[in-house]
Amino acid sequence: MKFTSFHPLIVTKDAQSTIAVFEALGFEKRHTITVRSSSGRDVTSVNMKSPDGFYVDVAQADHLESDLTLIRMNVDDFGEAYDMLTDKGFVNSAGDKTVDSKTNTSAMMIAPSGFAFDLCHHIKEQ
C-alpha cells in the first residue's frame, strides 16, 4: 500500500467560515467535489493548498451536531488499506458501506482509541 496524500480534513456545518480562515492563512481552493454519503446525505469537500505545499480539506456536512477533524489518508489500494486498518482494530463508521463516486471510494475508519481516518482511494481517469 502506498500513500498518495495524507492531510487534515475538517468536516463542519459551516464550511464557508472555515474556508475563509484558511484563505486568510494563504491557502487556495484547488478542487471541489460533492458526494452522497452512505446515509443518503450530500457532503461537499473543498481541497485547499498553501503556497508552502501544505494541504487541508474542508467538508460541508449539514447534519453534524459538532465539527469533526479527521486525517485524510489517500492510498493506491483501498482494499489493502481497509484490511490493514481493520486488522489493527479500526471500524468503519458506516458498517461495511463505503462512499463511492466516479472519482473516489472512501470510508471513515475509527481507531480503537477514537481518532479517525478518512480512508480514500482517488480514482484517476486513464
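All figures in this text were calculated on a predicted structure; none of them were measured in a lab. (Residues numbered from 1 in each chain as written. Predicted model: local features only at pLDDT ≥ 70, side-chain atom pairs only at ≥ 80, totals over all residues. Heavy atoms only, no water.)

Asks: What is the right way to read the layout of surface pockets from this model?
Replies: Empty space among the atoms can be located by rolling a probe the size of a water molecule over them. In this model, the largest pocket occupies a volume close to 1,000 Å³. Residue lining of the largest pocket: 42 residues in total, with Leu9, Val35, Val43, Ser106 and Asp118 positioned closest to the centre. Only β1 (3-12), β2 (28-36), β3 (42-49), β4 (55-60), β5 (68-75), β8 (104-110) and β9 (116-122) provide two or more residues apiece to the lining of the largest pocket. The greatest single-element share of the lining of the largest pocket, amounting to five residues, is contributed by β1. (1 Å grid on protein atoms, 1.4 Å probe; cavity = no way out; pocket = protein on both sides within 12 Å on 5 of 7 lines; lining within 4 Å. Points joined across faces, edges and corners; volume = space filled by probe spheres on them. Helix = DSSP H or I, 4+ residues; strand = E, 2+ residues; numbered from the N terminus.)

Asks: Honestly, the pairing of β9 in this entry has me stumped. Any pointers?
Replies: Most of β9 is tucked away: five of the seven residues are buried. For β5 and β9, the ladder comprises four bridges, and the chain directions are parallel. Looking at the pairing, Arg72 lines up with Asp118 of β9. As defined by bridge partners, β8 adjoins β9 across seven bridges and the pair is classed as antiparallel. Paired with Ala107 across the strands is Leu119, a residue of β9. Hairpin remark: β8 followed by β9, antiparallel, with five residues in the connecting loop; positive phi at Gly114, about 115°. (Buried < 20%, exposed > 50% of the residue type's maximum accessible area, 1.4 Å probe, protein only. Pairing = 2+ DSSP bridges.)

Asks: Please explain the pattern of salt bridges as it appears in this structure.
Replies: All chains considered together, the criterion is met by one salt bridge. The partner of Asp57 in a salt bridge is Arg72, and the shortest N-O contact between them spans 2.3 Å. Highlighted residues: Asp57 in strand β4 and Arg72 in strand β5, separated in sequence by 15 residues. Accessibility assignment for this pair places Asp57 and Arg72 in one class, buried. (Salt bridge = Lys/Arg side-chain N within 4 Å of Asp/Glu carboxyl O.)

Asks: What's the story with a nonpolar patch on the surface in this structure? I'm lost.
Replies: On the surface, a cluster of nonpolar side chains totalling about 300 Å² of accessible area is made up of Met1, Phe3 and Phe6. Along the chain, Phe6 turns up in strand β1. (Patch = residues over 30% accessible without salt bridge, like charges linked within 9 Å, V, L, I, M, F, W, Y side chains within 5 Å. Areas by Shrake-Rupley, 256 points an atom, 1.4 Å probe, with all protein chains shown as cover.)

Asks: Where do I start with the packing of aromatic side chains in this structure?
Replies: The final tally for this structure, using the stated rule, is seven aromatic pairs. Ring plane angle 70° and centroid distance 5.3 Å describe the contact between Phe3 and Phe6, whose orientation is recorded as edge-to-face. What makes Phe3 partly exposed here is its relative accessible area of 46%. Given the relative accessible area of 46%, Phe6 is considered partly exposed. Within the aromatic cluster, the residues linked to one another by ring pairs are Phe3, Phe6, Phe90, Phe115 and Phe117. (Phe/Tyr/Trp six-rings, centres within 6.5 Å; stacked < 30°, edge-to-face > 60°.)

None of the figures reported here should be taken as evidence of function without further support.
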